[in-house]
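Structure assessment
Each chain is listed here by its residues.
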Amino acid sequence: MIGKALLTLSAIASCLGPFIADFNETHVLNPRWPPHARFHNGQTMSMGLLLSLCTLYYTYRTKTKQQTREDMFAAAVFGSLYWISGMSAILYPGSAAIDPEFGDPKTFPQFWPFAGIGITNWVGWWLETRGYEDMVGAKSS
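What comes next is a walk through the structure. Treat the numbers as computed from the prediction; the structure is a model and nothing was measured. (Residues numbered from 1 in each chain as written. Predicted model: local features only at pLDDT ≥ 70, side-chain atom pairs only at ≥ 80, totals over all residues. Heavy atoms only, no water.)

Details of the nonpolar core
With five residues, the main nonpolar core is built from A13, L51, Y82, W83 and F114. Residues contacting F114, with those up to four places away along its chain left out, are W83, G86 and M87. (Core = buried A, V, L, I, M, F, W, Y, C linked by side-chain atoms within 4.5 Å. Buried < 20%, exposed > 50% of the residue type's maximum accessible area, 1.4 Å probe, protein only. Contact = heavy atoms within 4.5 Å.)

Rendered as structure tokens:
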């Protein structure tokens, strides 16, 4: 059950985090941002919400032990995609994690939260599937 709780925590962060971090003067309400930048920020926020829903669906839909193993893997994949894409965004030319008026553009303060929540998915997957593998192994012995 701890594994499902970790996957749920990641889903909540993927759903709420982008809106909390981006629906303010640093992003969506930033008067310096052109409309196309706002469009892509909206796309990113909506993607976090949709990936969150996929994570929750696969975390809680399971019926059989085999389905649980497959679903937990799918939940971990969906749950980590937002965070992996967030970490890769810094690699694009001209990209900065912070606009100059809000901090040092050479810093990447999102790195540890993104990495931590991304890893949380795989720890949750491991905890959930390890438990099922132990039960399956005990029954076949």
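Past the structure itself, the notes keep going.
Describing the packing of aromatic side chains
Inspection of every chain in the model, using the stated rule, returns nine aromatic pairs. A centroid spacing of 5.0 Å and a plane angle of 80° characterise the contact between Y57 and Y58, whose relative ring orientation is edge-to-face. Put simply, the rings of Y57, Y58 and F78 pair up and form one aromatic cluster. A cation over a ring is seen here: R130 above W126, with NZ or CZ 4.7 Å from the ring centre. (Phe/Tyr/Trp six-rings, centres within 6.5 Å; stacked < 30°, edge-to-face > 60°. Lys NZ or Arg CZ within 6 Å of the ring centre and 35° of its normal.)

Let's talk about the pattern of salt bridges
Scanning the model with the defined rule gives two salt bridges in all. In this structure, the salt-bridge partner of R32 is E101, at a minimum N-O distance of 3.4 Å. Of this pair, R32 sits in the loop between α1 (2-22) and α2 (35-60) while E101 sits in the loop between α3 (65-88) and α4 (111-140), and the two are 69 residues apart along the sequence. Judged by its relative accessible area of 38%, E101 is partly exposed. As a salt-bridge pair, R61 and D71 come within 2.9 Å of each other at their nearest N and O atoms. Of this pair, R61 sits in the loop between α2 and α3 while D71 sits in helix α3, placing them ten residues apart in sequence. (Salt bridge = Lys/Arg side-chain N within 4 Å of Asp/Glu carboxyl O. Helix = DSSP H or I, 4+ residues; strand = E, 2+ residues; numbered from the N terminus.)

Structural notes on α1
Between the first and last C-alpha of α1 there are 30 Å, a value that for 21 residues agrees with the 30 Å anticipated at 1.5 Å per step. Residue L16 marks the point of greatest curvature in α1, where the axis turns by about 35°; the proline P18 follows within four residues. Considered for burial, the residues of α1 that qualify are G3, K4, L7, T8, S10, A11, A13, S14, P18 and D22. (Expected span 1.5 Å × (residues − 1). Bend = angle between axes of the 7 residues up to and from the residue.)

By themselves, these are just geometric observations and shouldn't be taken as functional.
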